[in-house]
Amino acid sequence: MRTKILYEDKDVLVVHKPAGLAVQTAHVGQQDVESELKNYLAGKNASPYLGIVHRLDQPVEGVLIFAKTRKAAADLNRQLQRGDFCKEYLAVICGSPQQKERELIDYLLKEKGRALVIGPVGNSPKDAKRAVLHYRVEAQNETAAGELSLLRIWLETGRFHQIRAQLSHAGFPILGDSKYGSEASGQMNSELGIRHTALCACKLCFSHPANGKEMEYAVNPENPAFSFFEPDK
């Protein structure tokens, strides 16, 4: 099983999803996190319940929580809708932002499997959704292929492909992101050998659906793009 279990009890499963594995897929015969976990639970229970609470894009890695009962799923979904989940991300971007801390506010429109950043809300289609994120530059590194920066990111809203689309629109595509990257970032991907989007949902905090205890889980990114910010690099 490629998915790593970080915590499990009778109500929840907290896992580290690897990059390249979809949370759920409609393609017959294609493995995903859902099927891996259902097969795992089937070894303990003939008819296991697994509720998907939130998702990560297929090329993105990080912490996810799944519910093992319908009651837990309902509670976790309420927390998610209220914005009670605390989510933190790390990303490696191409370039060097002048502002070391910044808030990005955009309006996104989902179209043909992409998030499009569009103009001011007054001139935007009614389906456009406000997207807000905050980032802080943690480190920078000049590589043979160009300058990279490590960002820590907090989301105020949770839109489709939000981080990837907003950073690209701001002029700093995420390393390894072929969908939202530029020609220059694509060249960097090739020169540095990065195949997956260098974005990791590194921390997740929530209240346990059964006892209300505050739970916090964190992972270190496995994407080799993050190795450019190790002390010996």
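Everything numeric in this text was worked out from a predicted model, so none of it was measured. (Residues numbered from 1 in each chain as written. Predicted model: local features only at pLDDT ≥ 70, side-chain atom pairs only at ≥ 80, totals over all residues. Heavy atoms only, no water.)

Colleague: Quick question: what am I supposed to make of the layout of surface pockets here?
Modeller: Picture a little ball the size of a water molecule; that probe, rolled over the atoms, points out where space is still empty. Approximately 870 Å³ is the volume found for the largest pocket. Taken together, 28 residues form the lining of the largest pocket, with R55, K87, L155, G158 and R159 sitting closest to its centre. Of all elements in the fold, only α2 (70–82), β5 (86–94), β9 (146–155) and α3 (162–169) reach the threshold of two or more residues within the lining of the largest pocket. Considering every element that reaches the lining of the largest pocket, the biggest residue donor is α2, with four residues. Partitioning the lining of the largest pocket into residue classes produces 12 nonpolar, nine polar and seven charged. Within this model, the second largest pocket holds a volume of roughly 200 Å³. Around the second largest pocket sit L108, L109, K110, A115, D127, K129, G158, R159 and F160, which together line it. Among the elements that take part in the lining of the second largest pocket, strand β6 (residues 101–111) stands out by supplying three residues, more than any other. (1 Å grid on protein atoms, 1.4 Å probe; cavity = no way out; pocket = protein on both sides within 12 Å on 5 of 7 lines; lining within 4 Å. Points joined across faces, edges and corners; volume = space filled by probe spheres on them. Helix = DSSP H or I, 4+ residues; strand = E, 2+ residues; numbered from the N terminus. Nonpolar A, V, L, I, M, F, W, Y, C, P; charged D, E, K, R; others polar.)

Colleague: I keep staring at the side chain of D32 and nothing clicks. Help me out?
Modeller: You can see D32 is positioned in the loop between β2 (12–17) and α1 (33–42). Reaching out from D32, the side chain makes a polar contact with the backbone nitrogen of E34 at a distance of 3.4 Å. Engagement of the side chain of D32 in a polar contact is seen with the backbone nitrogen of S35, the distance being 2.6 Å. Not counting chain neighbours up to four residues away, the residues in contact with D32 comprise L21, A22, V23, Q24 and T25. (Polar contact = N/O pair within 3.5 Å; in protein donor to acceptor, adjacent residues only side chain to side chain. Contact = heavy atoms within 4.5 Å.)

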